[in-house]
Amino acid sequence: MLFLCDSLSTPSWSAPATDINAALVKAGTLLRNSSSQWGVRGVPMVIFLTDGAANHGVTHRETMRGNVREALGSAALFGLAFGRDADYDLLRQLSLENR
């Protein structure tokens with residue numbers, strides 16, 4: 001099963017914002033729902049692509065790491081960041097903690 005979580009929103013007051021926390025928490029919810037609702041079996045994983053830093057919603061690293069760890073449970077997280085605005089260090093931390 002493939003799900004797309006759109007974490008890009010455009011607040012009326014500024015340029016586009018990236019809510020990494022919300023996207024990964026939603027991915028965890030979708031994984032749990034897919035396995036319980038449709039009986040999907042296999043290795044749970046999230047492949048997260050981003051081109052920005054967490055600048056909307058939860059932006060505190062430790063809080064985000066805890067939220068993502070809880071939301072994904074045993075699912076593996078693979079991250080791929082593009083561009084100079086991407087937070088490579090955060091994505092690396094999240095991926096290493098959820099493998």
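Computed from a prediction, not measured in an experiment: that's the story for all the values here.

1. Points about the confidence of the model for the chain
Summary statistics for the chain give a mean pLDDT of 81 and a share of 79% for residues scoring 70 or more. The secondary structure element of the chain with the lowest average pLDDT is strand β1 (residues 8-9), at 46, and the one with the highest is helix α2 (residues 61-72), at 94. Note on residues 6-11: pLDDT is under 50 here. Beyond four places in sequence and across chains, it has twelve contacts.

2. Here we look at the pattern of salt bridges
Per the counting criterion, the structure on display carries four salt bridges. Between Arg-65 and Glu-62 there is a salt bridge, and its shortest N-O distance comes to 2.9 Å. Here Arg-65 pairs with Glu-62, and both are found in helix α2, just three residues apart, close to one helical turn. For Arg-65, a relative accessible area of 17% translates into the label buried. The network of salt bridges with shared partners includes Glu-62, Arg-65, Arg-69 and Glu-97.

3. Considerations on helix α3 (residues 88-97)
Every buried residue of α3 is accounted for by Leu-90, Leu-91, Leu-94 and Ser-95. Along α3, the residues classed as buried sweep out an arc of 130 degrees about the axis, all on the same side. More than 90 degrees from the buried face of α3, the exposed residues found are Asp-89 and Arg-92.

4. A few points about the side chain of Ser-95
You can see Ser-95 is positioned in helix α3. Classification of Ser-95 by relative accessible area gives buried; the value is 15%. Within the local environment of Ser-95, its side chain forms a polar contact with the backbone nitrogen of Gly-79, the two atoms lying 3.3 Å apart. Sequence-distant contacts of Ser-95, defined by excluding residues within four places in its chain, comprise Leu-77, Phe-78 and Gly-79.

Reading guide: rules and limits
Residues numbered from 1 in each chain as written. Predicted model: local features only at pLDDT ≥ 70, side-chain atom pairs only at ≥ 80, totals over all residues. Heavy atoms only, no water. pLDDT = per-residue confidence, 0-100. Helix = DSSP H or I, 4+ residues; strand = E, 2+ residues; numbered from the N terminus. Contact = heavy atoms within 4.5 Å. Salt bridge = Lys/Arg side-chain N within 4 Å of Asp/Glu carboxyl O. Buried < 20%, exposed > 50% of the residue type's maximum accessible area, 1.4 Å probe, protein only. Arc of directions from axis to C-beta. Polar contact = N/O pair within 3.5 Å; in protein donor to acceptor, adjacent residues only side chain to side chain.

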